[in-house]
Amino acid sequence: MSAEPVLVIKDGCVVTGDAKDTRHDRADIVVRGNRIAAIGPDAGAGLAGAETIDAADAVAMPGLVNAHLHSNEGFEQGAYDNLPLEPWLLQSYPPFGFPLLSEEDYYLRTMLAAVESIRAGVTTVQDDYVHLPGTPEAQDAAIQAYLDAGLRAWVTVDLWDVGLLDCLPYVRSIIPQPIQDEILALPFTSTAEQLALFQRHFEKWHGRDGRIRIVIAPCGPQRCSPAMLREIGRLAEALDIPIHSHTLETKLQAVHARAQWGKSVVEYLDGFGLLSPRLAIVHGIWLTERDIALLAANGCTVVHNPLSNLKLGSGLCPVRKLLDAGVNVALGTDGLATSDTADLIEAIRAASLIHKPGTHDYAQWVSAADVFRMATMGGARSGLMEREVGSLEPGKKADIILLDRGAWGFIPLHDPVRNLAFSVTSEAVETVIVDGRIVMRDREITVFDEAAMRGRVREAAERFRRERVPAMRAGAQRLEPHIRAMYYRAAAEALPLGEAPRRIGANQRQS
Ligand SMILES: [Zn+2]
């Protein structure tokens, strides 16, 4: 007999999320150490000495996987409105006035996202951590927050070595030369230095506690030099890790690709041999039919972020077409400055709703069951971890959430997945288990004093708002008319390659 601690989750309504969508009206989940040992009616009967959670009034589900998040935006919830991506980026990531925060602030900013995640039943976050500018030690502090919160975190090292003047269309003819000179004079981290930073984080953190992994992330193909893209492909293969990259989020990116390379971004990535099961493209809104076929043929993932796509007016990811083509689709909230939350249940609701307008053919609509799969196995697969997490099956890591069946939104319990998508909120999440460890029980975080942590986070976030935001706004203001001019010019361009996302309300029109 193993000496590992045994936990029995007794008599729950279990949604396993496995390939057959196996469900049990009443079953036990037996956890040994950090893995699920058995699931079934009375599977935990007679296990002397086991810790038991009475789940008779609970729905047990696999922990949710938030496949795209930027915790570095944690102090900017609710800060912006009515801005498309490029004008928004100028405000949230201003080239002038970008705030350099303390290590403590980095820790607390990520902790905010971590606590919101736990409270929403998220057990794995894929945090696309934008680290520049910032010290390696400050980034360590952010990763430490996940370690302390008990979450499973796949944290990217986000890489880009093409400057603002070369990754956006027209700006060299729009931005006045003196401001261009100032932009060129800003400190810039070289390709070699960035790759060294990736190596440093990989060596320090990858595999830590069995919960932390480091992922390589070309910020966007237009922001990376060919040499960097080639090296990213080589490293991902050599280290057996995923590649995570923002791709075709906006029309402007599609326009830029055509002007720059004479092809779509997906075709451009294909030229570097980067299309493979390792690759997760984030957003994938302005895809051509050929792009979708290429992604499917190469086993790639698209990470769908409905809240952020709605907020920034980016367009609608062709989720049904992707699923029908056989592309893996994962679900993310995106950053806290665009979706304004790390609550993946809100993203599940949005994704279950927004693909219904746009076509009268309701056989084409995306269902709650489709979205639940994206938020569990789809996310696991996006991080090459589908054998470890994403469903409740014996042998897998014990990442389990229990939702209160007595929550108003579960009354009555017609179908747990539909109730989750349409009627319950994260208030129903009562217990969260990650890697076999209870990190929240009966809505109380068990791994630290939440009230004290909230006080620290709040103090730091309010100080950020008072002391840092004015300089960010002033910095953005200097470039705002030029970025706006660029945006409108790109918006007016025609796209002969056929990039044409469905638009809400467009009804059967595909362009
Ligand atoms: Zn993003």
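Right above here is the structure, for reference.
Model, not experiment: these values are computed from the prediction. (Residues numbered from 1 in each chain as written. Predicted model: local features only at pLDDT ≥ 70, side-chain atom pairs only at ≥ 80, totals over all residues. Heavy atoms only, no water.)

(A) Expanded view of empty space enclosed by the protein. Under the counting rule described, the total for this entry stands at two cavities of 30 Å³ or more. Space inside the largest cavity adds up to approximately 150 Å³. Lining the largest cavity are 16 residues, and of these Asn 72, Glu 76, Phe 98, Pro 99 and Arg 109 lie nearest its centre. As a volume, the second largest cavity reaches approximately 60 Å³. With three residues, strand 8 (residues 152–159) is the single largest residue contributor to the lining of the second largest cavity. Looking at the lining of the second largest cavity residue by residue, the class counts come to five nonpolar, four polar and no charged. (1 Å grid on protein atoms, 1.4 Å probe; cavity = no way out; pocket = protein on both sides within 12 Å on 5 of 7 lines; lining within 4 Å. Points joined across faces, edges and corners; volume = space filled by probe spheres on them. Helix = DSSP H or I, 4+ residues; strand = E, 2+ residues; numbered from the N terminus. Nonpolar A, V, L, I, M, F, W, Y, C, P; charged D, E, K, R; others polar.)

(B) The arrangement of the packing of helix 14 (residues 344–354) against helix 15 (residues 368–382) in detail. Two elements in contact, helix 14 and helix 15, have axes whose closest approach is 9 Å; the angle formed by their N-to-C orientations is 145 degrees. Helix-helix and strand crossings are classified by hand; for helix 14 and helix 15 the assignment is right-handed. Contacts from Leu 344, Ile 348, Ala 351 and Ser 352 in helix 14 reach Ala 368, Val 371 and Ala 375 in helix 15. Broken down by class, the residue content of the contact of helix 14 with helix 15 amounts to six nonpolar, one polar and no charged. (Axes fitted to C-alpha atoms, helices over the stretch in contact; angles between N-to-C directions. Left-handed = near helix turned anticlockwise from the far one by under 90°. Contact = heavy atoms within 4.5 Å.)

(C) Representation of the pattern of salt bridges within the structure. Within this structure, the stated rule accounts for 30 salt bridges. The partner of Arg 23 in a salt bridge is Asp 21, with the nearest N and O atoms 3.2 Å apart. Judged by its relative accessible area of 37%, Asp 21 is partly exposed. Two residues, Asp 435 and Arg 152, come together in a salt bridge whose shortest N-O distance is 2.9 Å. Taken together, the residues span a long stretch of sequence, with Asp 435 in the loop between strand 15 (429–434) and strand 16 (437–441) and Arg 152 in strand 8 at a distance of 283 residues. Using a relative accessible area of 1% as the deciding quantity, one classes Arg 152 as buried. One connected set of salt bridges, linked through shared partners, spans Asp 21, Arg 23 and Asp 415. (Salt bridge = Lys/Arg side-chain N within 4 Å of Asp/Glu carboxyl O. Buried < 20%, exposed > 50% of the residue type's maximum accessible area, 1.4 Å probe, protein only.)

(D) Fine view of the packing of aromatic side chains. Across all of its chains, the model carries eleven aromatic pairs by this definition. Seen in terms of ring centroids, Tyr 106 and Tyr 129 are 6.3 Å apart; in terms of plane orientation they differ by 40 degrees. Their pairing is tilted. With Tyr 106 in helix 2 (residues 103–119) and Tyr 129 in the loop between strand 7 (122–127) and helix 3 (136–149), this pair connects stretches of sequence that are 23 residues apart. This pair shows no difference in class: Tyr 106 is buried, exactly as Tyr 129 is. Counting every residue linked through ring pairs, the aromatic cluster contains Tyr 80, Trp 88, Tyr 93 and Phe 98. The ring centre of Tyr 106 lies 4.7 Å from the NZ or CZ of Arg 109, which sits over that ring. Sitting over the ring of Trp 154, Arg 213 keeps its end group 5.1 Å from the ring centre. (Phe/Tyr/Trp six-rings, centres within 6.5 Å; stacked < 30°, edge-to-face > 60°. Lys NZ or Arg CZ within 6 Å of the ring centre and 35° of its normal.)

(E) Structural view of unusual backbone geometry. Here the bond from Ile 411 into Pro 412 is cis, since omega is -5 degrees, no more than 30 degrees from zero. Assignment of secondary structure puts Pro 412 in the loop between strand 14 (400–404) and helix 16 (416–422). One non-glycine residue, Asp 334, lies in the positive phi region at around 70 degrees. Counting through the fold element by element, Asp 334 comes out in the loop between strand 13 (328–331) and helix 14. Judged by relative accessible area, which is 4%, Asp 334 ranks as buried. Phi is positive for Leu 384, which is not a glycine, with a value near 60 degrees. Along the chain, Leu 384 turns up in the loop between helix 15 and strand 14. Take Leu 384: its relative accessible area is 26%, and that puts it in the partly exposed class.

(F) A look at the pairing of strand 9 (residues 212–218). Of all seven residues making up strand 9, seven are buried, and the element is well covered by its neighbours. Neither face of strand 9 is exposed, since Ile 212, Ile 214, Ile 216 and Pro 218 on one face and Arg 213, Val 215 and Ala 217 on the opposite face are all buried. Pairing of strand 8 with strand 9 involves seven bridges; the strand directions are parallel. Each bridged residue has a counterpart across the sheet, and for Ala 153 the counterpart in strand 9 is Ile 212. (Pairing = 2+ DSSP bridges.)

(G) Looking closely at the coordination of the zinc ion. Surrounding the zinc ion are the protein donor atoms His 68 (NE2), His 70 (NE2), His 246 (NE2) and Asp 334 (OD), which sit 2.0 to 2.6 Å from the metal. Each donor residue of the zinc ion belongs to the same chain, and together they define the spacing H-x1-H-x175-H-x87-D. Remark: Asp 334 occurs in the loop between strand 13 and helix 14 and His 70 occurs in the loop between strand 6 (64–69) and helix 1 (85–92); sequence separation between them is 264 residues. Asp 334 shares its class with His 70; the two are buried. (Donors = N, O, S within 2.8 Å, 3.2 Å for Na, K, Ca; no water.)

(H) Focus on the layout of surface pockets. Quantified by volume, the largest pocket comes out at close to 1,200 Å³. In terms of lining, the largest pocket is formed by 47 residues, of which the most central are Tyr 93, Pro 94, Pro 95, Trp 160 and Leu 164. At the level of secondary structure, the elements contributing two or more residues to the lining of the largest pocket comprise helix 1, helix 4 (164–167), helix 6 (177–185), helix 9 (251–261) and helix 18 (469–491). Of all the elements, helix 1 adds the most residues to the lining of the largest pocket, at five residues. Every residue lining the second largest pocket is counted, 19 residues in all, and those nearest its centre are Gln 77, Leu 112, Glu 116, Val 457 and Arg 458. Looking at the lining of the second largest pocket, the elements with two or more residues in it are helix 2 and helix 17 (450–467).

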